[in-house]
Amino acid sequence: MAIERTFSMIKPDATKRNITGKIISKFEDAGLRIVAQKRVHWNKEQAGEFYAVHKERPFYGELVDFMISGPIVMQVLEGEDAVAANRKIMGATNPEDADAGTIRKEFAESLEANSVHGSDSPENAALEIAMCFDESEIVG
Ligand code: IDP
Ligand code: MG
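Residues numbered from 1 in each chain as written. Chains lettered and ligands numbered in written order. Predicted model: local features only at pLDDT ≥ 70, side-chain atom pairs only at ≥ 80, totals over all residues. Heavy atoms only, no water.

Draft legend 1. Highlighting the site of ligand 1. Near ligand 1 you find Lys11, His54, Arg57, Phe59, Leu63, Arg87, Thr93, Arg104, Leu111, Glu112 and Asn114, and these make up its full shell. The side chain of arginine 87 places a nitrogen or oxygen atom 2.9 Å from an oxygen atom of ligand 1. When isolated, ligand 1 has an accessible area of 530 Å², and the protein chains bury 80% of it. When atoms are counted within 2 Å of each cavity's grid points, the one that captures over half of ligand 1 is the largest pocket. (Near = heavy atom within 4 Å. Polar contact = N/O pair within 3.5 Å; in protein donor to acceptor, adjacent residues only side chain to side chain. Areas by Shrake-Rupley, 256 points an atom, 1.4 Å probe, with all protein chains shown as cover. 1 Å grid on protein atoms, 1.4 Å probe; cavity = no way out; pocket = protein on both sides within 12 Å on 5 of 7 lines; lining within 4 Å. Sits in = over half its atoms within 2 Å of the grid points.)

Below, the structure is given as structure tokens:
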């Protein structure tokens, strides 16, 4: 196993409910380190660009509107097998399918408002990190 970096976001449903600390604890308790972090409020263009991969899916418009409905917290997580480890800590996309103890099982409100985003591959992690952080903002 290698030390890896992945991109993570805490979504507007979670910032709204003031539970960012509870979510961040899940990453740290599992051994991932936060090596970059910032709170931002995206505009439609930024959210649309980030989720462009889902442009053809029926929920794209609603997803973009949800992602600009409040602030988000972006972070770079570092640790062993960070991409897969983060996906495991997050749980399944639909909270109804998520395992006990995962972030989405404990905190998500719905399939859309599911509290966190995490990169799904090392390649996408690199792209998403580069899209959202300058190299100088990442402090390992
Ligand atoms: P992931 O976040 O687990 O990687 P994706 O399939 O990449 O899941 O979908 C991106 C995001 O789009 C999900 O986290 C969720 O917020 C939203 N989403 C996915 N499927 C649906 C759907 O069927 N209806 C509404 N929103 C959805
Ligand atoms: Mg995804």
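There is more to say, and it comes next.
Draft legend 2. View of the layout of surface pockets. Volume-wise, the largest pocket comes out at about 630 Å³. In terms of lining residues, the largest pocket is bounded by 22 residues, among which Tyr51, His54, Arg57, Leu63 and His117 are the most central. Among the elements of the structure, helix H5 (82-90), strand E4 (116-118) and helix H7 (122-132) are those that each provide at least two residues to the lining of the largest pocket. Its residues assigned to classes, the lining of the largest pocket shows 9 nonpolar, 6 polar and 7 charged. (Points joined across faces, edges and corners; volume = space filled by probe spheres on them. Helix = DSSP H or I, 4+ residues; strand = E, 2+ residues; numbered from the N terminus. Nonpolar A, V, L, I, M, F, W, Y, C, P; charged D, E, K, R; others polar.)

Draft legend 3. Representation of the packing of aromatic side chains. Within this structure, the stated rule accounts for 4 aromatic pairs. Arranged with centres 5.1 Å apart and planes meeting at 80 degrees, the rings of phenylalanine 50 and tyrosine 51 form a pair that is edge-to-face. Comparing phenylalanine 50 with tyrosine 51 shows no difference in burial state: the two are buried. One aromatic cluster is present, built from ring pairs that chain together Phe7, Trp42, Phe50, Tyr51 and Phe133. (Phe/Tyr/Trp six-rings, centres within 6.5 Å; stacked < 30°, edge-to-face > 60°. Buried < 20%, exposed > 50% of the residue type's maximum accessible area, 1.4 Å probe, protein only.)

Draft legend 4. Region of interest: the pairing of strand E3 (residues 72-80). The buried count for E3 comes to 8 of 9 residues, which makes it a mostly enclosed element. One ladder, built from 8 bridges, connects strand E1 (residues 3-10) with E3; its direction is antiparallel. By the bridge assignment, arginine 5 is partnered in E3 with glutamate 78. Judged from the 7 bridges that link them, strand E2 (residues 33-40) and E3 form a sheet pairing that is antiparallel. (Pairing = 2+ DSSP bridges.)

Draft legend 5. Local environment of the sheet that holds E1. In space, the 4 strands of this open sheet follow the order E2-E3-E1-E4, with antiparallel pairing throughout. Each of the sheet's edge strands pairs with one partner strand only, and the pair in question is E2 and E4. Within this sheet the neighbouring strands show an average axis-to-axis angle of 20 degrees, counted without direction. As paired elements, E1 and E4 share 3 bridges and run antiparallel to each other. Looking at E4, one finds that isoleucine 10 is bridged to valine 116. (Axes fitted to C-alpha atoms, helices over the stretch in contact; angles between N-to-C directions.)

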